[in-house]
Amino acid sequence: MLISFINAFIDRLKAIPDLIPYQTGVLLVVLLCNGCGQTPSAVDPALDRPYTAEDGGALLSAMPSDPSGLISMVAGESASSAISSHIFNTLLRYDQSLDLTGELVDTWEVAPDHKTITFHLKPNLKWADGKPLTSADVLFTWQLVVDEKTHSPYASDFQLVTHAETPDANTFIVHYAQAFSPALDSWSGLQILPKHLLAGQDIHTTQFAQKPVGSHYYQLSEWRHGEYLKMDKNPLAVLGAPHINQLIERIIPDPAAQFLELMADNIDSMNMDPITYARIIPSRPDLQARLNQYKELGNSYTYLGFNLKHAPFDDVRVRQAINYAIDKQEIIDGVYLGLGIAIASPYKPGTRWSHPTLTPYAYDPQRARALLTAAGYQDSNGDGILDRQGKPLSFEILTNHGNKEREKTVVIIQRRLKEVGIEVKVRSIEWASLITRFIKTGDFDAVVMGWGLGLDPDQYNIWHSSQQQPGQFNFIGYQNPTVDQLLEQGRQTFDPVERMHIYHQFAEILYQDSPIVYLSAGYGLTAIHKRVKGIVDPIPAAGVGYDSQQWFVPAPIRRHQMQAE
Amino acid sequence: MLNYLIKRLLWMIPMLIGISLISFFVMHLAPGDITSTEAAFNPKSSEESRQKLRALYHLDQPVMVQYGLWLKRMVQLDFGHSFASHQKPVFWAEKNANGDITKGMIQEALPITLLMNVLGLFITLILAVPLGILASKRYHQWPDRVITLFNFIGFSIPGFWLSLLLMYWIGVIHPWFPISGLHSLNYEQLSSWQQVQDVLMHLFMPVVIPALTGLASITLFVKNGMLDVLNLDYVLTARAKGLSDRAVTYRHALRNALLPLITIIGLSIPGLIGGSVIAETIFAIPGMGKLFYDAVMMRDFPVVMGILTIGSALTLLGNLCADLAYAWADPRLRRGIATAQ
Amino acid sequence: MYKIFKHPLACAGLVMILMMMLLALCAPWLSPYDPNAIQVKQILLAPSSLHWMGTDGLGRDVWSRMLYGSRISLLVGLVAVGISTLIGVILGAIAGFYRGWVDTVIMRLVDIMLSIPSFFLILAVIAFLTPSITNVMIVIGLTSWMGVTRLVRAEFLSLRQREFVLASSAMGASDVRMIFIHCLPNSLTPVLVSVVLGIASAVLLESGLSFLGLGVQAPQASWGNILTDGKEYIQFAWWLSVFPGLAILITVLGYNLLGEGLRELFDPRSNHTR
């Protein structure tokens, strides 16, 4: 009897195996408290006083995922470069007004035929371990990035260098087979690695990726995987020492938890979504009192991209119809709460590359229907979905899981397209498998994703017909000889005005072809605690994080001896 | 006893084979060639490394051979390396050519999950046994009714929901406990006693919330067990002999009522391990559950397979321990009157 | 069966379940808005007379979405448990009726399935296939039949020794007849209890999976989905977290109360209904 009872009971336990049905006595209290939820923290007037710059203190921020390693040319992920950009220098960088200036180099010369660039390194550069940083390190880094075995996603620009030489310890010369106008831009993105620590190592398994030594403002001091990374000030920093002693990046995957940590004052800064920025923080005076909010036009845009090799997207009328059927302003209002801009060319609005007269496809469902009819679609069986030759006009949009803005965008698109008789299925897939299983294999109808906008207008990798191999960026299969020619021309043209005309012409053709629907260029939204001073305001063109070595945390308002938790 | 132990150990062999079959089946559910998965989310993955991977999983061999080789690797606890670009060993530490040691992913995550579960179980038992006794002694009176109501709510409340509400309530409105993570940022500077305190503070919410689960079922279990035993002949006899109520309850009834608890605890292990997914994901605790969730989302097959196998093996081990403890505690089992399945 | 009305907890459970079922069935008539209608000018509105439970991040009416979400919960619960019960009854009947090596094989299979942490298994299978309501129902069904198998097997083992079964066996009744006419109907009472409790756990499981983003996919509403969408705004839009959580709690509580009530009524071995 006892045994059978146990069995019955075990089955009971088994029947609810892993659901964690929790018991609670506090539930009701929680519910009652929900309304009264204001963090009881007094507004500190000290936060708003002026301070003079001083050294010390720490800055805590949060990022969603642990980097896989800190050699960004290998890791190829944003989590990695977010950290490694504090640790490693590049040869060149963009200054406040987005002009190129030297970082590791003092001066550089471009030969009149544009095929040779000579970089002169600053004298007496040192790695954080005290060893000298020379042109040999730069050469080594270039060899590494173009090495077949490295398989760096950034290799292609550097493969155009036919050979490189180091006549002396401070001089680095690169030769190109033909003129390449984005060359200098590409060198502003390559983080220089120390040869003396990496030579002879397998770049994929080396411990250096976990314990890097660089030359920039900060050096990694502690890395608790999945929890946090700490970086300490580098006294030998090539560009001089920053004010803040320590940077701490906490790994908090869940944006909700990130915001709760911000509210509990356990982190100083985080990137926000539009709802947090526009609705939640304004509704909370206690948060407003201790946070500064920054808004800047981001360096990326969201788009709906079609697989041009799949029917019905091989028909330009269908692509244009979909473009007309989507209300971009609705997406900007509903998903970005107005914190976005509709665009008509793939460039950052307000820059010279952005086409001045093109306007985004208007929301015009009538026109969309007309185009679809012209393409031969009609609702012959009366189910509300258009069809042609017995095949319904139906496709699937993929986007990456966890990106709330894109997931919402897709739902809005689904709704609008249904109104003109197109059936859309929606699926959100984790980033890695989206890329792997669908993008690389070309096994998709349409995607909602984003493209970053570099400072150089060259978009050869995305639009040139030669870039369609699996793993390359023209995965939608765009093919247009005129565009190919323009892109090639743009890469060999140096005069800014001439280049501008080339890229405007390129944008016009894209606009007509409508291979993607530009949805929105969103704003980057950041909240930073008021204890962090020295932030350039208004935000320079280079972004809020520009010049962060000038930031400081005055001693009187520092986080209490890092009792962070 | 020795015979029983040997029999019990031999019995685990077919179980392990079955687990290997199921995990093998799960791996082959995924559409497409897993090497193409690796190639895609690892830009550096080359034809060469794909070949290595194909060799590792013997993908060019017939299915039967593949399974045999998978079984062999399972026995050797060789789960390979993660697909993620850090390429860490899945299970245990490894030394590379330079003599650097890379810790295994499961090796790092397992102690955290085990610690959480042991603490949780401890809290559950401390609360559940007295509550269960109270409910059985005051059967159909108000303490029993209150406890029963709590039990039902406990069974029924979604854990992730309670976690969210509590996170906001005792993490933000009243910042009594840390919201996420396992260590404070100044952990390294703390004295060892403070370090223990620090970890316990961080574990409070992720441990206590799931522990309340177990509380519901184990309280009910203790109560029903006590009710059963209190009506048995020998307890009635003891009572008839004039022993005090206290003596009857604690000396005679409780011991027998608690005996089956050992089995219950053993059997709750897979639930505890599986349940760690939600708690660890919400509270950002780098344990087995979060590791598994991340691996599943990224299709990091070696890690998924490793955790599935190790988790099952742990369950078997837990059941074995429970059975042995039961056999040790209950003489009836040794004589084969009852079985502990 | 009428005895159920004398059992207050079971009665309360039944009322909760019936209420939820009624809401689910009448969803099209009760919901004031199309659950998927997007109103970008009305996002994250607090509950009001226009929107009883407020609106979500896309301006959709939460009350309407809750109603349609209840259909998902009901469907997942019923179908998943249907699958697991079917498998469980068949395997349990075979094991208990034929005994011998068939029984051994089936019971070992049960042991093996029980030793794999089932949430891990479910998560892996759903993620490797594609998350969808159909897959969720099938996978939950395929991983939760072990309890029923054991119950049915135990009933069959004891029924086989009973005189009326032995008698019909002696009279040369076929196996099929014995299983379906004599044994099965007599072993279904405990199965009913486990069906009811099984629905409770399937509903919880589905909401957990949806919460992790592996359950029902957008734009379809499910309670777990609404909660996931709302968790980022818990301090601002409490209605997105509180209502779906309560709905899950009430539904699951209903099934648990009814199930335990039925157990106490039916289980002759349980002497706690003194």
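Cut-offs applied
- Residues numbered from 1 in each chain as written.
- Chains lettered and ligands numbered in written order.
- Predicted model: local features only at pLDDT ≥ 70, side-chain atom pairs only at ≥ 80, totals over all residues.
- Contact = placed C-beta atoms within 7 Å.
- Helix = DSSP H or I, 4+ residues; strand = E, 2+ residues; numbered from the N terminus.
- Nonpolar A, V, L, I, M, F, W, Y, C, P; charged D, E, K, R; others polar.
- Domains from an automatic or database assignment.
- Buried ≥ 20, exposed ≤ 12 C-beta atoms within 10 Å, placed from the backbone.
- Pairing = 2+ DSSP bridges.
- pLDDT = per-residue confidence, 0-100.
- Axes fitted to C-alpha atoms, helices over the stretch in contact; angles between N-to-C directions.
- Core = buried A, V, L, I, M, F, W, Y, C linked by C-beta atoms within 7 Å.
- Left-handed = near helix turned anticlockwise from the far one by under 90°.

Visitor: How do you make sense of the interface of chain B and chain C when you look at a structure like this?
Guide: By a widespread convention, an interface's size corresponds to the accessible area lost as its parts come together. In this assembly, 41 residues from chain B lie in contact with 36 residues from chain C. Contributing elements (two or more residues each) for the side of chain B that touches chain C: α1 (2-29), α6 (142-156), α7 (159-173), α8 (192-230), α11 (269-283), α12 (288-298) and α13 (301-329) of chain B. It is α13 of chain B that provides the largest number of residues to the side of chain B that touches chain C, a total of eight residues. By residue class, the composition of the side of chain B that touches chain C is 30 nonpolar, eleven polar and no charged.

Visitor: Any chance you could explain the domain arrangement of chain B here in plain terms?
Guide: All names here are of chain B. The assigned domain composition of chain B is domain 1 (2-102) and domain 2 (109-340). Counting from both sides, the interface comprises 22 residues of domain 1 and, opposite them, 17 residues of domain 2. Mapped onto the side of domain 1 that touches domain 2, the elements with two or more residues apiece are α1 and α2 (34-41). Top contributing element to the side of domain 1 that touches domain 2 by residue count: α1, with nine residues. Of the residues belonging to the side of domain 1 that touches domain 2, the class tally is 16 nonpolar, five polar and one charged.

Visitor: So what exactly am I meant to see when it comes to the pairing of strand β5 (residues 116-121) of chain A here?
Guide: Along a regular strand, successive side chains alternate from one face of the sheet to the other. All names here are of chain A. Along β5, the buried face is formed by Ile117, Phe119 and Leu121; none of Thr116, Thr118 and His120, which line the opposite face, is buried. With five bridges connecting them, strand β4 (residues 105-110) and β5 associate as antiparallel partners. When the bridges of β5 are listed, valine 110 appears paired with isoleucine 117. If you look at the hairpin formed by β4 and β5, you'll find five residues sitting between the two strands, and histidine 114 has a positive phi there, around 65 degrees.

Visitor: Teacher, can you tell me more about the confidence of the model for chain C here?
Guide: Residues and elements named next belong to chain C. Looking at chain C as a whole, its pLDDT mean stands at 85, while 95% of the residues score no less than 70. Put simply, helix α8 (residues 163-170) is where chain C has its lowest mean pLDDT, 74, and helix α3 (residues 62-98) is where it has its highest, 91. A low-confidence stretch, residues 270-274 (pLDDT under 50), is modelled with seven contacts involving residues beyond four sequence positions or located in other chains. The ipTM for the predicted assembly is 0.85, set against a pTM of 0.81.

Visitor: Explanation requested: the confidence of the model for chain B in the structure shown.
Guide: For any part of a model where pLDDT is low, the fine detail of the predicted coordinates should not be relied upon. All names here are of chain B. Scored by pLDDT, chain B comes out at a mean of 76, with 83% of its residues at no less than 70. Looking over chain B, one finds the lowest element-wise mean pLDDT in α2, namely 46, and the highest in α12, namely 86. This stretch, residues 36-47, has a pLDDT under 50; its non-local contacts, to residues over four places away or in other chains, come to 32 contacts. A low-confidence stretch, residues 337-341 stays under pLDDT 50, and its non-local contacts, those more than four residues away or across chains, total nine contacts.

Visitor: Looking at this structure, I do not really get the sheet that holds strand β7 (residues 171-176) of chain A. What am I missing?
Guide: Paired through their backbone hydrogen bonds, the strands of a sheet run either parallel or antiparallel. Residues and elements named next belong to chain A. Within the open sheet, the four strands sit side by side as β4-β5-β7-β6. Their pairing is antiparallel. Looking at strand neighbours, the two that pair on one side only are β4 and β6 (161-165), the edges of this open sheet. Taken pair by pair, the neighbouring strands of this sheet meet at an average axis angle of 15 degrees, ignoring direction. Inspection of the sheet shows β5 paired to β7 by five bridges, in the antiparallel sense. If you follow threonine 118 over to β7, its bridge partner there is isoleucine 173. Taken strand by strand, helix α5 (residues 135-146) contacts β5, β6 and β7, and its axis lies near 30 degrees from that of β7.

Visitor: Whenever I open this one, the nonpolar core confuses me. Can you help?
Guide: What tends to happen in soluble globular proteins is that the nonpolar side chains get buried as a cluster. Membership of the largest hydrophobic core comes to 318 residues, with the highest contact counts inside it found for Phe292, Val304 and Ile307 of chain B together with Leu123 of chain C. Counting residues per element, this core draws most heavily on α8 of chain B, at 16 residues. A domain-level breakdown of this core finds at least three residues from each of domain 1 (2-102) and domain 2 (109-340) of chain B. Each residue touching isoleucine 307 of chain B, except ones within four places of it in the same chain, is listed here: Ile106, Met288, Leu291, Phe292 and Ala295 of chain B together with Phe120 of chain C.

Visitor: Looking at this model, I keep getting lost on the packing of α8 of chain B against α11 of chain B. Mind explaining?
Guide: Packed helices, taken two at a time, are described by the angle between their axes plus the distance between the axes. Residues and elements named next belong to chain B. α11 packs onto α8 with a crossing angle of 145 degrees between their chain directions and a minimal axis gap of 10 Å. Taken as a pair, α8 and α11 cross one another with a handedness that is right-handed. Contact residues: α8 offers Met205, Pro206, Ile209 and Pro210, while α11 offers Gly275, Ala279, Glu280 and Phe283.

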